[in-house]
Amino acid sequence: MLETPEIRMPTWLTLGGLLAGIALGVLLRGSAAEAWIGTVLGPVGTLWLNALQITIVPLVAALVVTGMMHMARAAQAGRMAALTLGTFAALLVTGSVMSALVTPALLRIFPVPAGVADGFAADLAGVEAGPVPVFADFVTSFIPTNIFAAASQTAMIPVVIFAATLALAATRLGPVQRDAIALFFASIANAMLVMIGWVLRIAPLGVFALGAKLGASTGLGAIATLGHYVLTVSAIGFVIFIGAYGLAAFRVKAGLGAFARAVLPAQAVALSTQSSLASLPPMLAAARRLNIAEDTADFVLPMAVTVFRATSPAMNLAVAIYTAHLMGVEITAGTLVAGFIVASLTTLGAPSLPGSISFVSSIGPIAIAMGVPVAPLAILVAVEMLPDIMRTIGNVTMNVAVTGAIDRNAPAKPVPDA
């Protein structure tokens, strides 16, 4: 697989741009100058949002193909690979189900600040949400008659399923053809990431324009909503984080206390870098301190960083559910199933980058599949650096816990003849 291109986002400037935009909107709210926000800044925000969205379908399709092909190759490595992938899949499904149940409950117990949801909906009144199909149409949409037509309509479930099936089919081809397909889609994914990098360089301007519209519509309540959003989504990641300690308590041979001490340096790196990839060396060191077999750690942890992000499906689905709640989109069992499918599959190929960079490309497909407008994500991305801390720490902690659990169940090595 090709090396992922380096992408940078001016995180603090973006957050500052959002706060400055909201402040300007609040200042001009109700004055004659408020119309200037809509006529001048409105198109700027819309163009920036469109530039983010234009890469979603090709990027997701390419990442799913490369991610599935990588997993298929890993699955051929024997019993250890099967055990690892099975454990990953079980935890990802569990996390998604937890998020689908807990996030709506949190929003019922701790609702969005009064009046702000209406302001968000009014501010983005021109944004169309995708249709939420009835169950029969939902099922039959899994296999469209024209995949290009489905892609043009941003129908994410058939696109994701087609990409996953294509990847599995490609693994049955000869090495030359298989490698050519892998190289093609990896190159497409990297090119899309470069384009996203260009768009994110001007994120401070884009979110300033969107923040000004939001401030004019909702006033200072917008700040309260952003704080509420950060706490709600981070709470879902915190459940995964605590779950890692629960798994360690029951399945890591060294015990919970030793696990907590061993994983602390990796958590510190995760906190400072917000990157699971950068945390890989201290995770390997933690595994050695826990007396986990080197062969197990050297196999499981790099794979975990590549294809297993314990918090991603859960927190990404939580963002989509929160956005739906914010925009007044009804959440049904069908929409949750749609979000669950896309969240589970798209996490396989998601690049190991800070969440602020991969935010829209990871959550956009889930929102689209659930019939939720994508536009609010362009505002929420400005504060993603805060829940992303919880994402990375949760991923790193669960990675080490899973490695210990797999080591406990790993097949014993045959003893060589004397």
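Given the structure is predicted, the values throughout are model-derived calculations rather than measurements.

Reading the values: the criteria
Counting starts from 1 at the beginning of each chain's written sequence and moves along it residue by residue. Local features in a predicted model are, by the rule used here, given only for residues with pLDDT of at least 70; side-chain atom pairs are given and counted only at 80 or more, and totals for whole chains, interfaces and linings are based on all residues. Each side-chain value is derived from all of the structure's non-hydrogen atoms; neither hydrogens nor water enter the calculation. Exposure above 30% relative accessible area and no salt bridge define the residues that can form patches, which grow by joining like charges within 9 Å and nonpolar side chains of Val, Leu, Ile, Met, Phe, Trp and Tyr within 5 Å. Here the accessible surface of atoms and residues is derived via Shrake-Rupley with a 1.4 Å probe, and residues count as covered only by protein chains that are part of the display. For this analysis, a salt bridge means a side-chain nitrogen from Lys or Arg found within 4 Å of a carboxyl oxygen belonging to Asp or Glu. In this text, helices come from DSSP runs of H or I with a minimum length of four residues, and strands from runs of E with a minimum of two, each type numbered from the N-terminal end. For each residue, the accessible area found with a 1.4 Å probe, counting protein chains only, is set against the maximum for its type, and the residue is called buried under 20%, exposed over 50%, and partly exposed in between. The contact criterion used is simple: two residues touch if any of their non-hydrogen atoms lie within 4.5 Å. Axes, fitted as lines to C-alpha atoms, cover a helix only where it is in contact. Angles between the N-to-C directions of the axes lie from 0 to 180 degrees. For any helix crossing, the convention is left-handed if the near helix is rotated counterclockwise from the far helix by under a right angle, and right-handed if that rotation is clockwise. Residues are grouped as follows: nonpolar covers Ala, Val, Leu, Ile, Met, Phe, Trp, Tyr, Cys and Pro; charged covers Asp, Glu, Lys and Arg; every other residue, Gly included, is treated as polar. For classification purposes, an angle smaller than 35 degrees is called roughly parallel, one larger than 145 roughly antiparallel, one from 65 to 115 roughly perpendicular, and anything else oblique.

**Details of a nonpolar patch on the surface**
On the surface, Ile 54, Val 194, Met 195 and Trp 198 cluster together into a nonpolar patch covering about 410 Å² of accessible area. Along the chain, the position of Trp 198 falls in helix α9 (residues 175–201).

**Observations concerning unusual backbone geometry**
Working note: non-glycine residues mostly have negative phi, and peptide bonds are mostly trans. Within the chain, Asn 291 stands out as a residue other than glycine whose phi angle is a positive 60°. On the secondary structure map, Asn 291 appears in the loop between α13 (280–289) and α14 (294–307). With a relative accessible area of 66%, Asn 291 lands in the exposed category.

**Structural notes on the environment of Gly 42**
Structurally, the position occupied by Gly 42 is in helix α2 (residues 34–53). Taking relative accessible area as the criterion, Gly 42 reaches 7% and is therefore assigned buried. For the pair Gly 42 and Leu 210, spaced 168 residues apart in sequence, the C-alpha separation works out to 7.0 Å. Discounting chain neighbours no more than four positions away, the residues touching Gly 42 are Ile 37 and Lys 213.

**Let's talk about the packing of helix α4 (residues 79–109) against helix α11 (residues 221–251)**
Two elements in contact, α4 and α11, have axes separated by 10 Å at closest approach and are oriented at 145°. The chirality of how α4 crosses α11 is right-handed. Residue-level inspection shows Gly 95, Met 98, Ser 99, Val 102, Thr 103, Leu 106 and Leu 107 of α4 in contact with α11, the latter providing His 228, Thr 232, Ala 235, Ile 236, Val 239 and Ile 240. For the contact of α4 with α11, the residue count by class is 8 nonpolar, 5 polar and no charged.

**Section: the pattern of salt bridges**
Applying the stated criterion to the full structure yields 4 salt bridges. A salt bridge links Asp 298 to Arg 288, with the nearest nitrogen and oxygen atoms 3.0 Å apart. Of the two residues, Asp 298 is situated in helix α14 and Arg 288 in helix α13; the sequence distance between them amounts to 10 residues. Look at Arg 288 and you get partly exposed, because its relative accessible area is 33%. The structure contains a network of salt bridges with shared partners spanning Arg 288, Glu 294 and Asp 298.

**Some details on the environment of Val 374**
Examined against the element boundaries, Val 374 turns out to sit in the loop between α17 (355–369) and α18 (377–380). Judged by its relative accessible area of 7%, Val 374 is buried. Along the chain, Val 374 and Asn 50 lie 324 residues apart, while their C-alpha atoms are 9.9 Å from each other. Not counting residues within four places of it along the chain, the set of residues in contact with Val 374 comprises Leu 49, Gln 53, Gly 364 and Ile 368.

**Digging into the packing of helix α15 (residues 312–327) against helix α19 (residues 385–409)**
α19 packs onto α15 with a crossing angle of 160° between their chain directions and a minimal axis gap of 10 Å. In terms of axis orientation, α15 runs roughly antiparallel to α19. For the pair formed by α15 and α19, the contact residues are Ser 312, Met 315, Asn 316 and Val 319 on the first element and Pro 387, Arg 391 and Asn 395 on the second. Of the residues assigned to the contact of α15 with α19, the class counts are 3 nonpolar, 3 polar and 1 charged.

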